[in-house]
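# Structural features, examined
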Amino acid sequence: MLKARLVTDKDMRKAAVDNRLYSSFIEHLGRAVYSGIYEPGHPEADENGFRRDVIDLIRELKVPVVRYPGGNFVSCYRWEDGVGPRERRPMRLDAAWRTLESNAFGLDEAALWAKTAGTDLMMAVNLGTRGLQDAVNLLEYCNIDAPSKYAAMRKENGHSDPYGIKLWCLGNEMDGTWQTGHKTPQEYARIAAETGRAMKRIDPSIELVACGSSGSSMRTFPEWERIVLTEAYDTVDYISMHQYYDNYDGDTSSFLASNVDLDRFIRSVITAADYAKAVTRSSKTIGISLDEWNVWYHVRREDEKAMEDMPWTEAPPLCEEIYNTEDALVVGCMLITMLRHAERVRIACMAQLVNVIAPIMTRRGGGAWRQTIFYPFLHSSLYGRGTVLEEAVSSPLYSCSKYGDVPYLESVAILSEDEEEVTIFAVNRSLDEDMELSVDLRGFGDCSLIEHIELRNDDLKAINTEEKENVRPIVRTDSSFTGGRGTIVLHPASWNTIRMKAR
Ligand code: AHR
């Protein structure tokens, strides 16, 4: 039996959690929109064609913000194609995903869908094939109430009230050579600074996210951040990070420690952002928007190959990752890392939300179901709001080929918003040993266990399907904890949500 220890205290408050950490992403990619969130004629579709079964699952996840409409898609998107009468909307070639885009679902539908799903949109502007003027026009259409061309266009399209979209991404992954209209850091820095400045002149209430690096292995990282932020520091509020992990080589011990890399990546972005702060003599601190993150590899190479000579099709099944048990553990560990950096990571979007590298899957004309990764996201979103507590942790280590010595235990402790509960999220990374976790909740007094929720499966490759949920949480009946101190046993390769009554 492995033995680990976690001590935390009421007065050891680290950072408030920004609830936008539990955001997600819908791109015009594959079946995310068409037959994902939007499927007119489906038995579950409402009068607008929005799938109610999918909305119910999204509501269950309590997703505060959804990034839209891309992704790579946005870098060659003309937003005007997707507004106004449907019969006049053009069919377009989407160069990013080599797909036909009917524009049947566009900006106004996205705004209405977001309202129906109880979430807010985070809008990305096209800085690939378009630029400043177009970004300002789009902002005017969305947020302005004036007798001006684009605000009037929105009203003519039947939407008298502005949408009041608060968060705006200045392009997408502009550091990536795969991006339509890819830019050097200097080119991007200029266009981001100028576009952002003009947008804030139109609507000073918005918050802007500049593109950071598309992954920790990008050749231009972290010079990209330094150059972009030094130029655009006054204008932007957040720098983005994107990060996906894989287990291509089947090295599960390393795969489970992927968040070690995420932790280093976040620390380096903070360093680059704070360097720019010093250079620009600014008093403002730039936040991080980790606006794409997940596990992504099961179908990635096949998709890339298939796309090479795919006939032009509407909404083909692309990036439909079927997630297994170990993927859920990696997602849980990534969430723990984000929470530990809650002071700087203010926004995070699980990429994506439905069908495309997603926690929710649908069948065209059929059901909607929860993938394995749904659960760590659900538990974090439900019980990971409030204040992150400092913790003193000791855990035995194991050695893995990618990251060296790594603790078996990954954990974070959260005090709920109403200060009535302390929740510990914990992963036991051991593949074969139980872990006895000794917990000491010092100043919390007579704490007792509310519930210990566990997600695991003996088979690390087990998946969920429309018919059967093989990987689902259970409430452990053998765990007990009273008096603020005690031990909890964590099973091998498990994601645990341990909820305690604080008073
Ligand atoms: O989320 C899928 C894709 O991954 C996005 O379109 C792009 O931004 C990233 O490379």
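Residues numbered from 1 in each chain as written. Predicted model: local features only at pLDDT ≥ 70, side-chain atom pairs only at ≥ 80, totals over all residues. Heavy atoms only, no water.

Moving on to the state of the cysteines. A full pass over the atoms with the stated rule returns 0 disulfides. Here C319 is not disulfide-linked; the sulfur of C76 is the nearest cysteine sulfur, at 15 Å. The buried category is assigned to C319, whose relative accessible area is 3%. Distance from the sulfur of C400, which forms no disulfide, to the nearest cysteine sulfur (C333) is 12 Å. (Disulfide = S-S within 2.5 Å. Buried < 20%, exposed > 50% of the residue type's maximum accessible area, 1.4 Å probe, protein only.)

This brings us to the pairing of strand β6 (residues 120–124). When you tally the buried positions in β6, you get 4 out of 5 residues, the bulk of the element. Here strand β3 (residues 65–68) runs beside β6; their pairing, made up of 4 bridges, is parallel. Each residue of the ladder has a partner; that of V65, found in β6, is D120. Bridging between β6 and strand β7 (residues 167–170) involves 3 bridges; their strand directions are parallel. (Helix = DSSP H or I, 4+ residues; strand = E, 2+ residues; numbered from the N terminus. Pairing = 2+ DSSP bridges.)

In this structure, the largest pocket spans a volume of roughly 650 Å³. Surrounding the largest pocket, 31 residues form its lining, E173, W178, Y244, W296 and R300 being those nearest its centre. Elements supplying a minimum of two residues to the lining of the largest pocket: β9 (238–245) and α9 (300–308). Of the residues contributing to the lining of the largest pocket, the split by class is 14 nonpolar, 10 polar and 7 charged. (1 Å grid on protein atoms, 1.4 Å probe; cavity = no way out; pocket = protein on both sides within 12 Å on 5 of 7 lines; lining within 4 Å. Points joined across faces, edges and corners; volume = space filled by probe spheres on them. Nonpolar A, V, L, I, M, F, W, Y, C, P; charged D, E, K, R; others polar.)

Next up on the list: the site of the ligand. Neighbouring the ligand are the residues F25, E27, G71, N72, W97, N172, E173, Y244, E292, W296, Q352 and I357. Take N72: an N or O atom from its main chain is 2.9 Å from an oxygen atom of the ligand. Contact distances for the ligand include 2.7 Å between an oxygen atom and a side-chain N or O atom of E173. Taking 280 Å² as the accessible area of the ligand by itself, protein coverage stands at 96%. When atom positions are compared with the pocket grids, the ligand is found to occupy the largest pocket. Class assignment for the residues of the shell around the ligand results in 5 nonpolar, 4 polar and 3 charged. (Near = heavy atom within 4 Å. Polar contact = N/O pair within 3.5 Å; in protein donor to acceptor, adjacent residues only side chain to side chain. Areas by Shrake-Rupley, 256 points an atom, 1.4 Å probe, with all protein chains shown as cover. Sits in = over half its atoms within 2 Å of the grid points.)

This next bit is on the domain arrangement of the chain. When its domains are assigned, the chain resolves into domain 1 (2–10 + 388–501) and domain 2 (18–383). Here the C-alpha centroids of domain 1 and domain 2 sit 30 Å apart. A combined buried area of about 3,300 Å² lies between domain 1 and domain 2, and 61% of that area is made up of carbon and sulfur atoms. In terms of surface lost to domain 2, no three residues of domain 1 exceed Y403, E466 and W495, which account for 22% of the buried area on that side. The interface formed by domain 1 and domain 2 contains 20 residue pairs in polar contact (both at pLDDT 80 or more). Residue assignment for the side of domain 1 that touches domain 2 shows that the elements contributing at least two residues are β14 (386–394), β15 (397–400), β17 (409–416), β18 (421–428), β20 (448–455) and β23 (494–501). (Domains from an automatic or database assignment. Buried area = accessible area lost by both parts, 1.4 Å probe.)

Its 12 residues place the ends of helix α3 (residues 132–143) 16 Å apart at the C-alpha level, agreeing with the 16 Å of an ideal helix rising 1.5 Å per residue. Among the 12 residues in α3, 10 count as buried, and that is most of the element. The set of residues buried in α3 consists of D134, A135, V136, N137, L138, L139, E140, Y141, C142 and N143. (Expected span 1.5 Å × (residues − 1).)

Let's shift gears to the pairing of β15. Of the two faces of β15, the one lined by Y398 and C400 is fully buried and the one lined by L397 and S399 carries no buried residue. With 4 bridges connecting them, β15 and strand β16 (residues 404–407) associate as antiparallel partners. Counted as the bridge partner of C400 is G404 from β16. Counting the residues in the hairpin turn of β15 and β16 gives 3 residues.

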